[in-house]
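Listed below are the residues making up each chain.
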Amino acid sequence: MKNFTIIVLYGILIIHYMCKIALAVIKKRMGEIMLNQERVCEMTKLAIFDQKEGRECKPMIQYFRKDYIAKEMLKSFISGTIAFVLIAGGIGLYFAEDLLEKISSMDIPRIAVRIGIYYGVCMAVYFAVTYVIYYKRYTKGRQKVKKYYLHLKKVNKIYHEEEEI
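Keep in mind that what you see is a predicted model, and the values were worked out from it rather than measured.

We now examine the confidence of the model for the chain. Averaged over every residue, the pLDDT of the chain is 83; residues scoring 70 or more account for 82%. Helix α4 (residues 65–94) holds the highest mean pLDDT among the elements of the chain, 95, whereas helix α1 (residues 2–29) holds the lowest, 66.

Under the criterion given, the structure shown has eight aromatic pairs. Where Y68 meets Y138, the ring centres are 5.4 Å apart and the plane angle is 40°; that geometry is what we call tilted. Linking Y68 in helix α4 with Y138 in helix α6 (residues 108–164), this pair joins segments that are 70 residues apart in sequence. Looking at Y138, the relative accessible area reads 3%, which means it is buried. Pairing Y131 with Y135 gives two aromatic rings, centres 5.9 Å apart and planes at 25°, and the pair type is stacked. Of this pair, Y131 and Y135 both sit in helix α6, separated by four residues, roughly a single helical turn. With relative accessibility at 35%, the residue Y135 sits in the partly exposed group. Here the aromatic cluster, defined as three or more aromatic residues joined through ring pairs, consists of F49, Y148 and Y149.

A few words on a nonpolar patch on the surface. On the surface, a nonpolar cluster with roughly 650 Å² of combined accessible area is contributed by V113, I117, Y118, V121, V125, V129 and I133. As for its placement among the helices and strands, I133 is situated in helix α6.

Here we come to the side chain of H151. Checked against the element boundaries, H151 lands in helix α6. By relative accessible area, which is 19% here, H151 ends up buried.

Let's shift gears to helix α2 (residues 37–52). For α2, built from 16 residues, the straight-helix expectation of 22 Å at 1.5 Å per residue is met to within 8% by its first-to-last C-alpha distance of 23 Å. Of the positions making up α2, those classed as buried are R39, E42, M43, L46 and F49. When α2 is viewed along its axis, its buried side chains cluster within an angular range of 115° and face the same direction. Set apart from the buried face of α2 by more than 90 degrees, the exposed residues are Q37, Q51 and K52.

Rules used in this analysis
- Residues numbered from 1 in each chain as written.
- Predicted model: local features only at pLDDT ≥ 70, side-chain atom pairs only at ≥ 80, totals over all residues.
- Heavy atoms only, no water.
- pLDDT = per-residue confidence, 0-100.
- Helix = DSSP H or I, 4+ residues; strand = E, 2+ residues; numbered from the N terminus.
- Phe/Tyr/Trp six-rings, centres within 6.5 Å; stacked < 30°, edge-to-face > 60°.
- Buried < 20%, exposed > 50% of the residue type's maximum accessible area, 1.4 Å probe, protein only.
- Patch = residues over 30% accessible without salt bridge, like charges linked within 9 Å, V, L, I, M, F, W, Y side chains within 5 Å.
- Areas by Shrake-Rupley, 256 points an atom, 1.4 Å probe, with all protein chains shown as cover.
- Salt bridge = Lys/Arg side-chain N within 4 Å of Asp/Glu carboxyl O.
- Expected span 1.5 Å × (residues − 1).
- Arc of directions from axis to C-beta.

Below, the structure is given as C-alpha cells:
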C-alpha cells in the first residue's frame, strides 16, 4: 500500500510540473513571462531519466533492498532448478544406454545423494552470484533515484522562487 501511495504521489507531481510548464509556455507566447532556462534544463534531465533509466529503477522505488533481492533469489531458484533438471536430464539421455545396461548393479541411493549434492552446490553458487549482481544493481539504481529526486527538488525550488516574484 505504501509503494502504491508513493507511485501515485510521484505521478501527481509529474503532472503538476508538466501543467506548470505548459502554463509558462502559454504565458511566454502571450509575452507575459520568459521561461527560466535553468528550470528547462532540470526538467529535460528529469524527462531523459524517465525515458531511459526510469523503467530500470522502478523496482528500487517499489521495494526495500531485502525484498528486491529476495524476489530475484526466488526467480533464480526456479530458473536454476529448471536448468539443473534440463542439464541432468540431457546427461541422463546421453548415457541412457549405459545406464540401462548397468541399472541392476547400481547403488541408486548413493547416486541420488550425489545428484542432490551436485544440485546443492550448483544452487549455492548460483544464489551467491545472483545476490552479488542484484545487490549491486539495487545500490546503483537507488543512487540514480536519489539523483533524480535532487533534480526534482531543484525544479520545485525554482517554481517556488518564480511564484514569489
